[in-house]
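Working through the structure, step by step
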Amino acid sequence: MILWQTLRFAVGGLAANKVRSALTMLGVLIGVASVILLLAVGNGSSQAVKDSITSLGTNSLTVSAGSAAGGSRSVSSVKKLTVADAKALATDADSSAIKSVAPVVTTSATALYGNVSYTPGSVVGTYSAYFETSNQKVAHGEYFTNDDVLGSRKVAVLGATTAKQLFDTEDPVGKKIVLGGTPFTVVGVLQAKGGSGFTDPDDVVIAPLPTVQNAFTGFGTVNQILVQASSADTTTAAQSEITRVLLGTHAIADPSKADFRITNQASLLTARESTTKTFTVLLGAVAAISLLVGGIGITNIMLVTVTERTREIGIRKALGAPRAVILGQFLTESTLLSVIGAGLGVAAGIVGSHFSIVGIKPVVIPASVLGAFGIAVAIGLFFGSYPANRAASLRPIDALRHE
């Protein structure tokens, strides 16, 4: 009975100041929704990066030029990667863990089709093994072949985004585009892989390596070499074999002075996950400040409420209301403010997570929902305790004399 009366008085007190109560709950709502959404964005970003990396395949390795250990060798002394390096890897008789090799050059050029002009994110020159190594699936048409590479044929495979920009709803297969002044016949369109929020892997044109070198980059170095291990279990062995072969082609005796780097998807995924976890924690800390501000707002509102209702408190105490009843009423009011605001914040956060934010699809963390709600309620109790204690400590005579 006492609990029911306390709750009834608390609800009545909040209802008497609807605008003030609504603004206080709005502060808590924003805090809770911010925590849920920002942590969801961080988690969504992490998931997008993970999906992007794992989509390349767990047995894919990337070889790029540069000191593996961050050594002191000058840029001019570092030997760049070449097609000869790729051929050495592909033809090495002792490399049983290596399944396929694809050298890659990357450049940019404007593509023309009829009256449409579009510059894709990248133009890639490579071998036909690139598609399997990078886990690229064709949606329409077909890949170019080894014969296309050997014959330097002017054929191209388009990413889904590039195909959409150039051809809209028209089927690109068999059509001709002009890429940087060179005509290419489209032989295939890749399945869409989806971006990670910052880059679009589908915005690409892929053509035979000699064709791209002849038209754009020249027959010099390559940007990287993609290597596919025979299986996920042989990735480490393949990495050792790549190191052995390239140390030989680069005439380096000391492995610590290697002028190339080898990255596999597992190590890259670990590094990216570590970065995104730090990013998520930072977002959560920023959002938590909103909850703190909401708690301070509860304190201010409850202090004003106590001041305005001092005479009411005096009358109730004069009629025999014990200290615990007065304390419980004001604590209940502050708790109700935080509970209702937190509940609305949870709803707003879950609804907001259904929309993309800065190109990232938020993924709600269930623990963040429970945590944000629980912390908001605890903040209501904590920040409401001082005004409640102040109200309960008033002497009846002083309260009745208050103007």
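Residues numbered from 1 in each chain as written. Predicted model: local features only at pLDDT ≥ 70, side-chain atom pairs only at ≥ 80, totals over all residues. Heavy atoms only, no water.

1. Describing the overall build of the protein
Of the regular secondary structure elements, the protein holds 13 helices and 12 strands. By residue count, 45% of the 403 residues in the protein fall in the buried class. Surface exposure of the protein reaches about 19500 Å², of which carbon and sulfur atoms provide 62%. (Helix = DSSP H or I, 4+ residues; strand = E, 2+ residues; numbered from the N terminus. Buried < 20%, exposed > 50% of the residue type's maximum accessible area, 1.4 Å probe, protein only. Areas by Shrake-Rupley, 256 points an atom, 1.4 Å probe, with all protein chains shown as cover.)

2. Details of unusual backbone geometry
Unusually for a residue other than glycine, S152 sits at a positive phi of about 50 degrees. If you trace the backbone, S152 turns up in the loop between α5 (146-150) and β7 (155-158). Judged by relative accessible area, which is 33%, S152 ranks as partly exposed. Not every positive phi belongs to a glycine, and A251 is a case in point at roughly 55 degrees. Looking at the element boundaries, A251 is found in the loop between α8 (235-249) and β12 (260-264).

3. A word on the pairing of strand β9 (residues 182-190)
With respect to burial, β9 is a largely interior element, 7 of its 9 residues being buried. Across 3 bridges, the pairing between strand β6 (residues 138-141) and β9 is antiparallel. Paired with H140 across the two strands is V189, which belongs to β9. Inspection of the sheet shows strand β8 (residues 176-179) paired to β9 by 4 bridges, in the antiparallel sense. (Pairing = 2+ DSSP bridges.)

4. As for the pattern of salt bridges
Within this structure, the stated rule accounts for 5 salt bridges. Its salt-bridge partner being E132, residue K99 comes within 2.9 Å of it at the nearest N-O pair. Here the residue K99 occupies a position in strand β2 (residues 98-107), and E132 occupies one in helix α4 (residues 129-133), the gap between them amounting to 33 residues. Taking the relative accessible area as the measure of exposure, K99 reaches 49% and is therefore partly exposed. In this structure, R153 and D148 form a salt bridge, with 2.9 Å as the shortest nitrogen-oxygen distance. D148 sits in the buried class, given a relative accessible area of 10%. (Salt bridge = Lys/Arg side-chain N within 4 Å of Asp/Glu carboxyl O.)

5. What to know about the nonpolar core
As a rule of thumb, soluble globular proteins bury nonpolar side chains together. Residues V63, L89, I177, I225, V227, I242 and F260 are the most contacted members of the largest nonpolar core, which totals 43 residues. Residue contributions to this core peak at 5 residues, all from α8. With sequence-adjacent residues up to four places away left out, I242 is seen in contact with V63, L89, I98, V227 and I262. (Core = buried A, V, L, I, M, F, W, Y, C linked by side-chain atoms within 4.5 Å. Contact = heavy atoms within 4.5 Å.)

6. Topic: helix α6 (residues 160-167)
Listed as buried for α6 are T161, T162, A163, L166 and F167. Residues of α6 that are buried sit in contact with β3 (111-113), β4 (116-118), β7, β8, β9 and β10 (204-208). Just downstream of α6, D168 is the residue with a positive phi angle, here 55 degrees.

7. Points about the confidence of the model for the protein
Parts of the model with low pLDDT should not have their predicted coordinates read in detail. Mean pLDDT for the protein: 80, with 80% of residues reaching 70 or above. Contacts of residues 70-76 to residues separated by more than four positions or lying in other chains number 5 contacts, the stretch itself having pLDDT below 50. (pLDDT = per-residue confidence, 0-100.)

8. A short note on the packing of helix α3 (residues 83-91) against α8
Contact pair α3 / α8: the axes reach a minimum separation of 10 Å and the direction vectors enclose 135 degrees. Taken together, the axes of α3 and α8 lie oblique to each other. Here the hand of the crossing between α3 and α8 comes out right-handed. Along its contact with α3, which presents D85, A88 and L89, the element α8 presents I242, V245, L246 and T249. Along the lines of polarity and charge, the residues of the contact of α3 with α8 split into 5 nonpolar, 1 polar and 1 charged. (Axes fitted to C-alpha atoms, helices over the stretch in contact; angles between N-to-C directions. Parallel < 35°, antiparallel > 145°, perpendicular 65-115°, else oblique. Left-handed = near helix turned anticlockwise from the far one by under 90°. Nonpolar A, V, L, I, M, F, W, Y, C, P; charged D, E, K, R; others polar.)

9. Quick word on the environment of E170
Tracing the chain through its elements places E170 in the loop between α6 and β8. Accessibility expressed as a relative area gives 34% for E170, which makes it partly exposed. Discounting residues that sit within four places of it in the chain, E170 has contacts with Y113 and K175.

10. Quick notes on the packing of aromatic side chains
The description of an aromatic ring pair uses the distance of the two centres, along with the angle that the planes make with each other. Applying the stated criterion to the full structure yields 4 aromatic pairs. Arranged with centres 4.2 Å apart and planes meeting at 40 degrees, the rings of Y113 and F167 form a pair that is tilted. Remark: F167 occurs in helix α6 and Y113 occurs in strand β3; sequence separation between them is 54 residues. Judged on exposure class, the residue Y113 and its partner F167 are both buried. Relative to F144, the ring of F131 lies with its centre 5.1 Å away and its plane at 70 degrees, an arrangement referred to as edge-to-face. (Phe/Tyr/Trp six-rings, centres within 6.5 Å; stacked < 30°, edge-to-face > 60°.)

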